[in-house]
Amino acid sequence: MMQSVAFAALSFGGGVYAQQAGTLTAEVHPKLSVSKCAAGGTCTAEQHTIVLDANWRWLHSTSGATNCYDGNTWNSALCPDPVTCAANCALDGGDYSGTYGIKASGTSLSLQLVTGSNSGSRSYLMDTTDTKYQEFNLLNQEFTFDVDVSKLPCGLNGALYFVQMAADGGVADYPTNKAGAKYGTGYCDAQCPQDIKFIGGKANNGNWTPSSNSANTGAGGLGACCSEMDIWEANSQAAAYTPHPCSPEGYSVCDSAAECGGGICDKAGCDFNSYRQGNTTFYGPGGTVDTNKVMTVVTQFITSDGTSSGDLTEIKRFYVQGGKVYANSASDIAGVSGNSITSAFCKAQKSVFGDSDTFSAKGGLKAMGESFKAGMVLVMSIWDDYAVNMLWLDSDYPTDAPVTNPGVARGPCATTSGNPKDVESKSPGSTVVFSNIRTGPIGSTYSGVLQPGGSGGSPPSSSSSAAPVKSSSSSAAPVKSSSSSAAPVKSSTTSATIKTTSTKASSTSSASAACATKFGQCGGSGWKGPTCCAAGSTCKASGDFYSQCL
């Protein structure tokens, strides 16, 4: 049965059970500059910090240095039960660059896959006081960042996304939590991860099962669920952006297979992956958006009334490279039109791909917007996938479905690629770099010359690297690894294994209405849709690339 935050706090409020703060290693948060932009494009830098997630940290006895968690098992003496374990164990500070491969400088954050025996990392943006996570409401705003994925081969995910976790790391809901946001506590996402070591204010060691293919991870009887907006899940071969609403909203604890498996959250989400939508040349090495080079990624959150309190109705995507602006590629799948995420796009995609529409069932875009109104926390991570080798992002998935089925082919990587042991041993230096993060009104965070394409049809073919591979469908539920995993560190690297063949579904296009409805788009550089507005509204520009009927 689902266990809400309020219920958990009342049930266990009399005990000392939450994460304790260690003192053996000083915790110093690396600084990261983030900008806020105003209409017209004037941006002001703010000094923030980042904090490492609690799951990666050394967990030891409060009275000394004895491990509470070693490898993928719990110390039975210190952790005989969840409540005692949380009272006996402390999270300690971390060496961000030396142990975890996390390097922040100015506006840039670099995340390396393998550093020593550690693999992967997950970090959160703190507010300007360095006491809580920064919360974002991106409705009627755009979120923009630069990213370098050139050193991310098949099987890896350099992710930037938002989750509806508590800004204080759960301290208010679980007052005996002495660690809080300073030590990266309180993570949740739409996969309801069960590998989190502390959930709902207590240790997740009840019914803990060590992983069979990872020496450092396992799963407990509880899962941590909350809405998730994946702005960016990508490597050099494929990319997707995906909203995942949950019901109820906010932090929830699942404690059964039915709840953790999809009873609370939309695990599959409504994704837009250009390759999966039939355009195999838009994104990748040598593609229209060339992953050999740094790119700017712009994501716009359009509302029903043009305000931050309206309902979320559309999520749009633009890319900028070399002073050129590229609208997101249009879907080339028959029966699925558009180049942005809307309710109509999601319903059509689920129908054509043969996927269950859990997105609409959990409230769709409106529910995702409500999560932003409540405040969402920025997450940046690098991870590999011990569940399905990241095939759901960059290859054919599911692997037993015909690759000719719509939605099966998601990227050019081989179905034999992405095994974490292979990736960690052969490409330990794999790195993603996020930089120049900024937010602001629609049209305020980027500039350049809009290129043709995007709003209909595929861009011209571009050269891309090739090598052997295969493919399959249905929306996948990515399982983000939540704890560090050891792997031998070797200096060798390997290029992605790529399919030699690809398929493209028949192209479709949608007709434009005579005039845009109120709050709809009515102009902007390169806009090919209606330029007049319905009665009672006027077309007003918001920067060079977007005009709206208001």
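Structure: above.
Residues numbered from 1 in each chain as written. Predicted model: local features only at pLDDT ≥ 70, side-chain atom pairs only at ≥ 80, totals over all residues. Heavy atoms only, no water.

S.K.: What's the story with the environment of A414 in this structure? I'm lost.
M.R.: Looking at where A414 falls in the secondary structure, it is placed in the loop between α8 (391–394) and α9 (420–426). Spatially, the C-alpha atoms of A414 and D396 are 7.7 Å apart, while their sequence positions differ by 18 residues. (Helix = DSSP H or I, 4+ residues; strand = E, 2+ residues; numbered from the N terminus.)

S.K.: What is the right way to look at the sheet that holds strand β2 (residues 20–21) in this model?
M.R.: Two modes of strand pairing occur in sheets, parallel and antiparallel, and in both the strands are linked by backbone hydrogen bonds. Strand order in the open sheet made by the three strands is β2-β8-β5, with mixed pairing throughout. Edge positions in the open sheet fall to β2 and β5 (59–61), since each of these has one partner strand only. As defined by bridge partners, β5 adjoins strand β8 (residues 89–91) across three bridges and the pair is classed as antiparallel. Bridged to H60 within β8 is A90. (Pairing = 2+ DSSP bridges.)

S.K.: Mind showing me how you'd approach the state of the cysteines here?
M.R.: Here, disulfide denotes a covalent bond that connects the sulfur atoms of two cysteines. With the rule as written, the count across this model stands at nine disulfides. Here C68 is linked by a disulfide to C89, with a sulfur-sulfur distance of 2.1 Å. Taking the sign of the S-S torsion, -100° for the link of C68 and C89, the bridge is left-handed. Placement of C68 in the loop between β5 and β6 (69–70) and of C89 in strand β8 is noted, with a sequence separation of 21 residues between them. Since its relative accessible area comes to 0%, C68 is described here as buried. C89 gets classed as buried once you look at its relative accessible area, which sits at 1%. Disulfide partner of C79: C85, at an S-S distance of 2.1 Å. (Disulfide = S-S within 2.5 Å. Buried < 20%, exposed > 50% of the residue type's maximum accessible area, 1.4 Å probe, protein only.)

S.K.: It is not clear to me how the pairing of strand β29 (residues 324–327) should be interpreted in this structure. Could you clarify?
M.R.: For a regular strand, side chains alternate in direction, first toward one face of the sheet and then toward the other. As paired strands, strand β28 (residues 312–321) and β29 are joined by four bridges and run antiparallel to one another. Note that in β29 the partner of V320 across the bridge is V325. The pairing of β29 with strand β33 (residues 449–450) spans two bridges and is classified as parallel. Residue pairing across strands places K324 opposite V449, the latter belonging to β33.

S.K.: Would you mind going over the pattern of salt bridges with me for this structure?
M.R.: Opposite charge on two side chains permits pairing when their charged atoms draw close. Under the counting rule described, the total for this entry stands at seven salt bridges. Across the pair D53 and R122 runs a salt bridge, and its minimum N-O distance is 3.3 Å. Of this pair, D53 sits in the loop between β4 (43–52) and β5 while R122 sits in strand β13 (residues 121–125), and the two are 69 residues apart along the sequence. Comparing D53 with R122, the two get one shared label, buried. Residue D271 pairs with R276 through a salt bridge whose shortest N-O separation is 2.8 Å. What you see here is one network of salt bridges that share partners, running through D271, R276 and D355. (Salt bridge = Lys/Arg side-chain N within 4 Å of Asp/Glu carboxyl O.)

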